[in-house]
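These are the residues of each chain, in order.
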Amino acid sequence: MSVRRLRCDTPKGDTVDMRVGVIGAGGIGSDHLRRLRTTLSGVEVVAIADPDPVRAAAAVRGLGATIEASGEALIANERVDAVVVTSPGFTHADLVSACLAIGKPVFCEKPLAITAHDAWRVVQAEVATGRRLVQVGFMRRYDASYQALKSVLDAGTIGQALVIHAAHRNPDVPKWWTTELTIKDSSVHDSDIVRFLTGEEIIASTVLRPRTSSRLADVQDPLIIVFETSSGILVDVELSVNIAYGYDIRAEVVGETGTAALGDGGLVTLKHAAVRSTDLPANWRQRFTLAYDRELQDWIDATSAGEATGPSSWDGFVATTVAEASHASYRDGTRTEVVLPDRPVIYR
Ligand code: NAP
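Residues numbered from 1 in each chain as written. Predicted model: local features only at pLDDT ≥ 70, side-chain atom pairs only at ≥ 80, totals over all residues. Heavy atoms only, no water.

Trainee: Would you mind showing me how to read helix α9 (residues 289–305) here?
Mentor: Residues spaced three or four apart along an α-helix face the same direction, because each turn holds 3.6 residues. Between its terminal C-alpha atoms α9 stretches 24 Å, which fits the 24 Å expected from 17 residues at 1.5 Å a residue. Count one or two residues on from α9 and you reach Gly-306, which has phi positive near 135°. (Helix = DSSP H or I, 4+ residues; strand = E, 2+ residues; numbered from the N terminus. Expected span 1.5 Å × (residues − 1).)

Below, the structure is given as structure tokens:
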């Protein structure tokens, strides 16, 4: 099925190319809903599914969208041209597979799946359709600072990359958080952006356990993941999920003749009372607002034009495979190799 081309006015004053349904109206679901209804163009939200009736009712308020009984019902709704999946990670593979079974385009938040087996199932289902119907929410690729860093590397300004030092720090997580979630839900961003920056695959992962924070019982926090890329670049990523002071994403590439790092400046540097200070984002919403806007607009535009072009099921599969290797390394205390099948033609 190709996306129906629709032309009608929206409250935003633009024309609608795509009517979407959103599955999951929690943290990022409500954030994406806001941008879909107020910021992005060519799109209209026509259906919502969330098991919490209060959350679902709040999500459709002022939208004229329907509340569907389940994600599956939303996917089957013929008014829905394309689907946005923002429910928890363990639901993703089945929901994306249900979209693929009827040829419906889908934007799926990361991770694509919890296990490499399930992610591969999605890849095979998409390959069977013969075209790119899935985009995965690796929004860092749309972030201006990561893109500038990649431009420096691609230009060869600092020679070949040798080492990357990175940090992924969250101020806090819910009480039910686990170390497995740090690896399988959070670190997929880090492995994906390494692949994006270097153009290389990750061939092995080793997880180290520093002294753990007393602020989060039963979770290894922080942890260090060391990725090895196919040419031998070593990448150390510090993942902290409970760092308290703010949301801090860092990356510094050490090259042969220089280093290049993501900018560390806030919007304003304040000098006051003998102190120089600058603002930090409080959370992922603030840090990546524009990247989320750009990734979803790109998905809307490309899907309306016929085929998604952003981060693919293959990228989602690779990230989940690397996370599985990292989790094995965390569990067993060993360096774990990442073994990938051949990349299917539609992703080359
Ligand atoms: P959240 O706040 O828990 O929201 C998830 C929502 O989905 C909740 O309202 C939940 O309801 C609902 N839900 C659960 N099962 C469902 C189902 N089968 N069908 C429909 N709705 C369902 O979680 P979140 O923080 O928004 O995270 C959601 C996903 O987005 C995760 O995979 C996460 O990794 C990803 N995420 C990505 C980024 C990014 O930077 N790209 C940032 C944040 C989150 P109940 O609470 O009643 O279960």
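The structure having been displayed, the exposition proceeds.
Trainee: Sorry if this is basic, but what is going on with the nonpolar core here?
Mentor: A general tendency of soluble globular proteins is for nonpolar side chains to be buried together. By size, the foremost hydrophobic cluster in this structure holds 69 residues, and its most contacted members are Val-83, Val-96, Tyr-146, Phe-227 and Phe-288. A per-element tally of this core places helix α10 (residues 313–332) first, with 8 residues. Ignoring sequence-local partners within four residues, the contact set of Val-96 consists of Val-106, Cys-108, Leu-112, Val-122 and Val-134. Formed by 21 residues, the second largest nonpolar core is a distinct cluster that contains Ala-25, Val-45, Ala-65 and Ile-300. (Core = buried A, V, L, I, M, F, W, Y, C linked by side-chain atoms within 4.5 Å. Buried < 20%, exposed > 50% of the residue type's maximum accessible area, 1.4 Å probe, protein only. Contact = heavy atoms within 4.5 Å.)

Trainee: Quick question: what am I supposed to make of the sheet that holds strand β1 (residues 18–23) here?
Mentor: To summarise the sheet geometry, strands pair through backbone hydrogen bonds and adopt either a parallel or an antiparallel arrangement. As summarised here, the arrangement of the 6 strands in space is β3-β2-β1-β4-β5-β6, forming an open sheet in which the pairing is parallel. A single partner strand is all that each edge strand has here, and the edge strands are β3 (66–68) and β6 (134–136). Shown here is a sheet whose adjacent strand axes are inclined to one another by a mean of 25°, direction ignored. Note: β1 against strand β2 (residues 43–49), 6 bridges, orientation parallel. (Pairing = 2+ DSSP bridges. Axes fitted to C-alpha atoms, helices over the stretch in contact; angles between N-to-C directions.)

Trainee: Whenever I open this one, the side chain of Thr-320 confuses me. Can you help?
Mentor: One can find Thr-320 in helix α10. With residues up to four places along the chain from it excluded, the contact list for Thr-320 reads Pro-111, Leu-112, Ala-113, Ile-114, Thr-115, Ala-116, Ala-119 and Val-188.

Trainee: Is there a simple way to think about the pairing of strand β11 (residues 248–255) in this case?
Mentor: Consecutive residues of a regular strand have side chains that alternate between opposite faces of the sheet. Alignment of strand β7 (residues 161–169) against β11, held across 8 bridges, turns out to be antiparallel. By the bridge assignment for β11, Ile-164 is matched with Val-253. Here β11 pairs with strand β12 (residues 259–261) via 3 bridges, running antiparallel. Pairing of Val-254 across the sheet is with Thr-259, part of β12. In sequence, β11 turns back onto β12 through a hairpin of 3 residues.

Trainee: Help me understand the packing of helix α4 (residues 92–101) against helix α5 (residues 116–129), please; the structure alone is not making it clear to me.
Mentor: When two helices pack together, you describe them by how their axes are tilted relative to each other and by the distance separating the axes. Where α4 meets α5, the closest approach of the two axes is 10 Å, and the angle between their N-to-C directions is 10°. Classified by the angle their axes make, α4 and α5 are roughly parallel. Residues Ala-93, Asp-94, Val-96, Ser-97 and Leu-100 of α4 form the contact with α5, whose own contacting residues are Asp-118, Arg-121, Val-122, Ala-125, Glu-126 and Thr-129. Among the residues making up the contact of α4 with α5, the classes are represented as 5 nonpolar, 2 polar and 4 charged. (Parallel < 35°, antiparallel > 145°, perpendicular 65-115°, else oblique. Nonpolar A, V, L, I, M, F, W, Y, C, P; charged D, E, K, R; others polar.)

Trainee: Before we go on, may I ask you to explain unusual backbone geometry in this structure?
Mentor: For residues that are not glycine, phi is negative in most cases, and the peptide bond is trans in most cases. Cis geometry marks the peptide bond from Lys-110 to Pro-111; its omega dihedral reads -10°. Summarising the element assignment, Pro-111 is placed in the loop between β5 (106–108) and α5. The omega angle of the peptide bond from Asp-221 to Pro-222 is 5°, so this bond is cis rather than trans. Of note, Pro-222 is situated in the loop between β8 (202–208) and β9 (223–229). For Ala-273, which is not glycine, the phi dihedral falls at a positive 55°. As for its placement among the helices and strands, Ala-273 is situated in the loop between β13 (269–272) and β14 (275–278).

Trainee: Is there a simple way to think about the packing of helix α1 (residues 27–38) against α9 in this case?
Mentor: At their nearest, the axes of α1 and α9 sit 11 Å apart, and the two run at 65° to each other. As the angle between them shows, α1 and α9 are arranged roughly perpendicular. The way α1 lies across α9 gives a crossing that is right-handed. Along the contact surface, α1 presents Ile-28, Asp-31, His-32, Arg-35 and Leu-36, while α9 presents Thr-289, Tyr-292, Asp-293, Glu-295, Leu-296 and Ile-300. A breakdown of the residues in the contact of α1 with α9 according to their chemical character gives 5 nonpolar, 2 polar and 4 charged. (Left-handed = near helix turned anticlockwise from the far one by under 90°.)

Limitation: the analysis is restricted to geometry and does not speak to function.
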